[in-house]
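Structure at a glance
Residues per chain are reported as follows:
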Amino acid sequence: MLDATTTDHNRETLARLLAPSARSDVPPFMVMDVMAAAERIEAAGGHVIHCEVGQPAAPAPRAAIAAAHAALDQNRIDYTSALGIASLRARIAQHYQDVYRCNVPAERVVVTTGSSAAFVLAFLSMFEPGDRVAVTVPGYPPYRHILKALGCVPVEIETHADTRYALTGEALLAAHRQAPLKGVLVASPGNPTGTMMTREALADLIAVAEREGIKFISDEIYHGLDYAFPAVSAAELSPHAVVINSFSKYFCMTGWRVGWMVVPDALVRPIERLHQNLAISVPTLSQIAAAAAFEGREEMEAVKRGYQLNREILINGLPQAGLTEFLPADGAFYLYADVSKFTSDSAEFAQRMLAEARVAATPGVDFDPVRGRHFIRFSYARSADDMREAVARIGRWLGR
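The present account deals with the structure reproduced in this document. None of the values given here were measured: they were computed from a predicted structure.

1. Quick word on a nonpolar patch on the surface
The grouping of L14, L17 and L18 at the surface amounts to a nonpolar patch, some 350 Å² of accessible area in total. For L18, the location among the structural elements is in helix α1 (residues 4–18).

2. Considerations on the packing of aromatic side chains
All chains considered together, the criterion is met by 19 aromatic pairs. Ring plane angle 80° and centroid distance 5.5 Å describe the contact between Y222 and Y334, whose orientation is recorded as edge-to-face. Note that Y222 is positioned in the loop between β6 (215–219) and β7 (242–246) and Y334 in strand β10 (residues 334–338), a separation of 112 residues in sequence. By relative accessible area, which is 1% here, Y334 ends up buried.

3. A few points about the environment of G317
Structurally, the position occupied by G317 is in helix α11 (residues 297–321). Classification of G317 as buried rests on a relative accessible area of 11%. In this structure the C-alpha to C-alpha distance between G317 and S188, which are 129 residues apart in sequence, comes to 25 Å. Among all residues touching G317, those that are not within four sequence positions of it are E312 and V391.

4. Re the environment of A118
Topologically, A118 is positioned in helix α5 (residues 114–126). Between the alpha carbons of A118 and H275 there is a distance of 9.7 Å; along the sequence they are 157 residues apart. Those residues in contact with A118 that lie beyond four places of it in its chain are T112, I244 and M261.

5. As for the sheet that holds strand β13 (residues 375–379)
One open sheet holds the four strands; their spatial order is β9-β10-β13-β12, and the pairing between them is antiparallel. Whereas interior strands pair on both sides, the edge strands pair on one side only; in this sheet they are β9 (325–326) and β12 (362–363). Bridge analysis of β9 against β10 gives two bridges, and the strand direction is antiparallel. When the sheet's bridge partners are listed, F326 is paired in β10 with A337. Sheet contacts for helix α12 (residues 346–357): β12 and β13; angle to β13, the most-contacted strand, approximately 45°.

6. So, the pairing of β6
Counting buried positions over the five residues of β6 gives four, a clear majority of the element. When strand β5 (residues 183–187) meets β6, the two strands line up parallel, connected through five bridges. If you follow L185 over to β6, its bridge partner there is I217. As for the winding sense of the linkage, the β-α-β connection from β5 through helix α8 (residues 199–211) to β6 is right-handed.

What counts as what
Residues numbered from 1 in each chain as written. Predicted model: local features only at pLDDT ≥ 70, side-chain atom pairs only at ≥ 80, totals over all residues. Heavy atoms only, no water. Patch = residues over 30% accessible without salt bridge, like charges linked within 9 Å, V, L, I, M, F, W, Y side chains within 5 Å. Areas by Shrake-Rupley, 256 points an atom, 1.4 Å probe, with all protein chains shown as cover. Salt bridge = Lys/Arg side-chain N within 4 Å of Asp/Glu carboxyl O. Helix = DSSP H or I, 4+ residues; strand = E, 2+ residues; numbered from the N terminus. Phe/Tyr/Trp six-rings, centres within 6.5 Å; stacked < 30°, edge-to-face > 60°. Buried < 20%, exposed > 50% of the residue type's maximum accessible area, 1.4 Å probe, protein only. Contact = heavy atoms within 4.5 Å. Pairing = 2+ DSSP bridges. Axes fitted to C-alpha atoms, helices over the stretch in contact; angles between N-to-C directions. Right-handed = clockwise from strand over helix to strand, strands pointing away.

Dropping the structure here:
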């Protein structure tokens, strides 16, 4: 039998063996927690209107699904090159010519496991531990969380209404002068705001970054979902920018987990080496489907028109329900609504709205830890009937 001293020693040893690393101590991605809470209500028989997660209700393009079926019936599903299937890389390069009139060599295209893996590969290939990388708030939380887990320092720069919640060259330069930045990441259309940068604003920001030696990353995952004006790719403006995109949003292929990067020549081989070691390759079936997805643009444009209808339902309906202020919804499928007249705790507001109104939405503190206490993000990627029902439920809940 072990004596007390030995037992205490064993407990201490076990605690050390099981202790998680400090780098794993990142905040949760709250939208996933909200989705899990909504699923628990549904499992108990409740009916929830899902406005929390940025996931299209529509399926992948028919051509993508057909290509996947054919591959399963006819081919072995083997590893591919770490950079991706050559034909898919070439098709993505053609996409830049078709949509942006921009020449992107296929050799600079890297296929990734969704945009999430692209961020990891970009950060690992571009930055050292301790490097300071600017991100905007409000903004997509995993930017900050992944940077922190990799040992980098996310530098949050607030955006404001007077610049339509876009990062400016002036604001970037001010942060750089406080302490040198090694990189900056922006998204247009943005999440959670849905706001977009004009060509002039994006060109000015890239010019300032490159003049100061700040590496530039452009998250373009919501390209194609633009309503106010056509989205501009950083690939049009600089061969030195890293561009990240995905088949998840416009092409409705979230669970297929396939995205891509456009990178400078100097980063192709480093990213290839990293990907060889971290993942070997992107799932082959998803790559085959993704190449065929480009043939489904007519379907996807019909889905986009549905988002535009949903956008109008929320823009017109939420003020009648009591939520009268929100940011310009230029693109993506989000509305970022001000709830400050009802609460100073958006997380608690979202919990009550889910529990009492059965409408799931994401608290703004997920995207902006300080000012987000006064905001809620609604995703309008579901059906028009769902959006009308969400507006009606919120109105009843708020006593309108």
